[in-house]
Amino acid sequence: MRRMIIAALALIGVFVALYLTLYKMGVIGHLACGLGGCERVNTSKWAIFAGAPVAAWGVAFYTATFVVALVGTSPSWIDRREIAYLLAGMSFVGVAFTAWLTYLELFVIEAICKYCVTSAVIVTAIFIVSIADVAMGNRVQPGD
Amino acid sequence: MANNNPPRNAKSAAAKPSSNRGAFYGILVAIVVVGIAAILYLKASPPSADSGATAQAAYAALQRDYAKAGPPRPYVMGDSTAPVVIEEFADFECPVCGSYATVTEPDVRRMIIDTHLAYYKYYDFPLPMHHNTQSASNAAACAADQGKFWEMHDQLFSGQDAWGLNPDGATQVTDNPKSVFMGYAKAIGLNTSEFEQCYDSKKEQARVNANAAEGFRRNVNQTPTFFINGKMFAGSIPYDVMKKAVDDAAAAKKSAPAAAPATTPAGTSAVNPAAKPAASK
């Protein structure tokens, strides 16, 4: 069940990051952003990391997390602890990277992008559930 | 008696994972459908009010009704008594104008304007395919209200990558350049609340329109376009060509001192009467 939650959250994250990536690619002309500074954030120099848009890194991260979590729900992998550790490790990196991005939004760019906040909530939730997956191990829970 | 019956909950335990799995896949499919629909919906939502999406309509209306626009109020720099007047019609989002402003214009200012050889006038000529250019002209006009047109002009042209066209030359980096312009306003020391009020209310839109209308009157159809003592040079010109044109115009004026000035239409140069090198709005 926990990995199902992670997979579902990661899939939502894929679409949030995909929307921002399509904007960066010019496929979407403008961001629908009633409040905050979505475009200021996404057109800042910090919106590029290691030669690629940060949003594209987000798509890659969430897609990888989704695939790992989905594999982890299959009967042959559901008891494998490696999956739990891998998800915890990946989501820790995601949370750390998101924390840095949030710092940049608040104190450097001085604008908040609501899609970035949504992504931060998703990755934090994934991290919490993945830690629960590690901590609770193979303990049977409804739906597992 | 042997109990061959399965454990009490075995049936439900066996059935539950498959029903949960079915629900799980159903949820994933729902997320995909909602995700795609959300992106398509957001893509189709109207751009913010700040967007320059109305540039086409504004340009068409001006082109049709330019005769009704008031007298132009270009932004001026230099010695208003200089023998030559250089007039530039430019679009803040036009890459060629940006290249001229950042590469050639510094030399023009240093070696032509500061040396009293020519007086410089800048007219907005926002082109319709550049959706943020009206906003940029608006920002520049609001900076001029606080006496810092040229500072904003330089920020806008040197920062085109942050608010103008994408490298594809067709789409914009952003549809909401206001935040970028607010950053420029802060950087050049404007009163940002006054600037924002002016920008949001488009207080100086009439000035931008009047400058563009002057371009239509003079058959400008590309940017940048220069007039050097009235002689048109369409397209960007290198420094050497401009210097020669200025020298030729000065020589021609010297040889015919009684001739009337060939260029300035009425009302264009009221801003900087100072007869010494000075940049003004």
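Not measured: the values here are computed from a predicted model. One numbering rule holds for all chains: residues counted from 1, following each sequence as written. Each chain is given a letter, starting from A, and each ligand a number, starting from 1, according to the order in which they appear as written. Since the coordinates come from a predicted model, pLDDT governs what is reported: local features require at least 70, and pairs of side-chain atoms require 80 or more to be given and counted, while whole-chain, interface and lining totals use all residues.

Considering the overall build of chain A
Each helix corresponds to a stretch of at least 4 residues labelled H or I by DSSP, and each strand to a stretch of at least 2 residues labelled E; elements are numbered beginning at the N terminus. Counting its secondary structure elements, chain A contains five helices and two strands. Starting at the N terminus and walking to the C terminus, you meet the elements of chain A as α-α-β-β-α-α-α. Buried means a residue has 20 or more other C-beta atoms within 10 Å of its own C-beta, exposed means 12 or fewer, and partly exposed covers the counts in between; C-beta atoms are placed from the backbone. Out of the 144 residues in chain A, the part that is buried amounts to 47%. Note on contacts: residues are paired as contacts if their backbone-placed C-beta atoms lie within 7 Å. By sequence separation, contacts in chain A at least 24 residues apart represent 77% of the contacts at least 6 residues apart.

Points about unusual backbone geometry
Residues and elements named next belong to chain B. The linkage connecting Thr223 with the following residue, Pro224, adopts the cis geometry, with an omega of -10 degrees. Looking at the secondary structure, you find Pro224 in the loop between α9 (205–217) and β4 (225–228). Non-glycine residue Lys202 carries a positive phi angle of around 50 degrees. If you trace the backbone, Lys202 turns up in the loop between α8 (192–201) and α9. Positioned with a positive phi, Asn229 is a non-glycine residue whose angle comes to about 45 degrees.

Comments concerning the pairing of strand β3 (residues 118–124) of chain B
Residues and elements named next belong to chain B. For β3, a buried count of seven out of seven residues is recorded, marking the element as mostly surrounded by other parts of the structure. Where burial is concerned, the two faces of β3 agree: the one with Ala118, Tyr120, Tyr122 and Asp124 and the one with Tyr119, Lys121 and Tyr123 are both buried. The handedness rule is simple: strands pointing away from the viewer, and a clockwise path from the first strand over the helix to the second, make the crossover right-handed. What joins strand β2 (residues 84–90) to β3 is helix α3 (residues 95–113), and the crossover it makes is right-handed.

Some details on the nonpolar core
Any nonpolar core is a set of buried residues, restricted to Ala, Val, Leu, Ile, Met, Phe, Trp, Tyr and Cys, that join up through C-beta atoms within 7 Å. Val84, Ala118, Ala139, Ala140, Ala143 and Val246 of chain B are the most contacted members of the largest nonpolar core, which has 61 residues in total. If one sorts the elements of this core by residue count, helix α4 (residues 133–145) of chain B sits on top with seven residues. Residues in contact with Val84 of chain B, not counting those within four places in the same chain, are Leu117, Ala118, Ile228, Asn229, Val246, Ala249 and Ala250 of chain B. Residues Met4, Cys38 and Val129 of chain A together with Phe24 of chain B belong to the second largest nonpolar core, which totals 44 residues.

Overview of the environment of Ala101 of chain B
All names here are of chain B. Position of Ala101 among the secondary structure elements: in helix α3. Given 24 C-beta atoms within 10 Å, Ala101 falls into the buried group. A C-alpha to C-alpha distance of 9.8 Å links Ala101 and Ser236, two positions 135 residues apart in sequence.

Focus: α9 of chain B
Residue and element names in this part refer to chain B. Expected span of a helix: the number of residues minus one, times 1.5 Å. Over its 13 residues, α9 extends 18 Å from the first C-alpha to the last, a length consistent with the 18 Å expected when each residue adds 1.5 Å. Of all the positions in α9, only Arg207, Val208, Asn209, Ala210, Asn211, Ala212, Ala213, Glu214 and Gly215 are classed as buried. Phi for Asn219, located one or two positions after α9, is positive at around 60 degrees.

Remarks on the confidence of the model for chain B
Residue and element names in this part refer to chain B. Residue-level confidence of the predictor is what pLDDT reports, using numbers from 0 through 100. Overall, the prediction assigns chain B a mean pLDDT of 82, with 79% of residues at 70 or greater. In this model residues 1–15 is a low-confidence stretch, pLDDT under 50, and it forms one contact with partners more than four residues away in sequence or in other chains. Here residues 260–281 scores under 50 on pLDDT; set against residues more than four positions off or in separate chains, the count is 47 contacts. Listed scores for the predicted complex are pTM 0.52 and ipTM 0.83.

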